[in-house]
Amino acid sequence: MNNRHISRIDLNLLVVLDAICAEGSITRASEKLNLTQSAISHALTRLRTLFDDPLFVREGRTIVPTPLARSLTEPIRRSLRGIEITLNEAGRFEPSGTRRRFTIAVRGMLELMLLPPLLQYISGRAPGVDIAAVRVNRRDLEQELETGAIDAAIDAPLPLSPNVRRTAIPVGAMVVVARQDHPLIQGELTLATYMRQGHILVSTRRGGPGLQDTELGRHDLHRRVRLRCQDYFTACSVVSRTDLLLTMPERHADTFNRPFGNCIYPLPFTMPDIEAYNYWHNSSTNDPANCWLREQVAEALRQA
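Residues numbered from 1 in each chain as written. Predicted model: local features only at pLDDT ≥ 70, side-chain atom pairs only at ≥ 80, totals over all residues. Heavy atoms only, no water.

**Student:** Kindly report on helix H5 (residues 108–123), identifying the contributing residues and their values.
**Tutor:** In this model H5 runs 22 Å from its N-terminal to its C-terminal C-alpha over 16 residues, within 8% of the 22 Å that 1.5 Å per residue would give. Of all the bends found along H5, the most pronounced is centred on Leu-114 and spans about 25 degrees, while Pro-116, a proline, follows it within four residues. Every buried residue of H5 is listed here: Met-109, Leu-110, Met-113, Leu-114, Pro-117, Leu-118, Tyr-121 and Ile-122. (Helix = DSSP H or I, 4+ residues; strand = E, 2+ residues; numbered from the N terminus. Expected span 1.5 Å × (residues − 1). Bend = angle between axes of the 7 residues up to and from the residue. Buried < 20%, exposed > 50% of the residue type's maximum accessible area, 1.4 Å probe, protein only.)

Following this line, the structure appears as structure tokens:
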């Protein structure tokens, strides 16, 4: 048998094969499955054709499986049991007893914001649940959600189709990080000083402005970005050794800068608080497992 036959297999034949192996008798297999002996014999004939093997040989009053039949018994039994469990659990989700892995697409700072409280929150409630945090190309995000390759995504505002649902996640205000004893900052960071300095922009994109650059552009102001990098910890380290300034989310500024002793200042201009979104595919909206995951993510972010 090869792969092109799979689509033509009647799963009931495998149920019959499992029953005959378990009972060692066509008569008892027919009683177990509530089928006639004729139906069992007909199924056995089809199985022998399918596998090109007699599968069972008679020894006295019993039938004995051939080596091929013995090799098939356990894999088929496990597979049938898995199908049975899947069908029984369809439409239900019990987090305390389930064993499942959820995959969430998330980036940088949002990963730091989400994962510690999420794992703390679910560890006692769903000990069999595993989490995989991965990075997905934003151009592929909708397809990955649609195919189920990822269960949810936490990301910036994205232009996705109505097939992708979303809820807003408040990230918070921005602050400015500068090294101790910065020669041009005397107790207070003014907008004029902010604009005169070189800046670090943390972004996973190769180019394009940051949100703060967009806001400054509305007032015809343009800062000089001297370093573009992908990680806030790296950026904070650079700040501690240079006169460059870093604009970053307030909620994580203290944590990232603690090893470096950098100073944290209010942003010297007004801009809206940063938002991210929790994304999932419309087809998963009513899926109990995905609903549960979204609830845990929302609760974790509230704790954060």
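**Student:** Before we move on, can you summarise the sheet that holds strand E9 (residues 224–229) with the specific residues and values?
**Tutor:** The strand order across the open sheet built from five strands is E9-E8-E10-E7-E11, with neighbouring strands paired in mixed fashion. Here the strands that pair on one side only, and so sit at the sheet edges, are E9 and strand E11 (263–266). Looking at each pair of strands side by side, their axes are set apart by 35 degrees on average, direction ignored. The sheet contact formed by strand E8 (residues 198–202) and E9 spans five bridges and is parallel. Directly across from Ile-200, in E9, lies its bridge partner Leu-227. (Pairing = 2+ DSSP bridges. Axes fitted to C-alpha atoms, helices over the stretch in contact; angles between N-to-C directions.)

**Student:** An account of the pairing of strand E12 (residues 274–281) is needed here, citing residue identities and associated values.
**Tutor:** The buried fraction of E12 amounts to seven of the eight residues, a majority that puts the element mostly inside the structure. The pairing of strand E5 (residues 152–155) with E12 spans three bridges and is classified as antiparallel. Within E12, the residue paired with Ala-153 across the bridge is Tyr-279. Taken together, the eight bridges between strand E6 (residues 164–172) and E12 define a ladder with antiparallel strand orientation. For Thr-167, the partnering residue across the bridge sits in E12 and is Asn-278.

**Student:** Provide a residue-level description of the side chain of His-199, including the pertinent values.
**Tutor:** You can see His-199 is positioned in strand E8. On the accessibility criterion, His-199 (0% relative accessible area) is buried. A polar side-chain atom of His-199 sits 2.7 Å from the main-chain carbonyl oxygen of Tyr-194. Aside from chain neighbours lying at most four places away, what touches His-199 is Tyr-194, Arg-223, Arg-224, Val-225, Arg-226, Leu-227, Leu-244 and Leu-245. (Polar contact = N/O pair within 3.5 Å; in protein donor to acceptor, adjacent residues only side chain to side chain. Contact = heavy atoms within 4.5 Å.)

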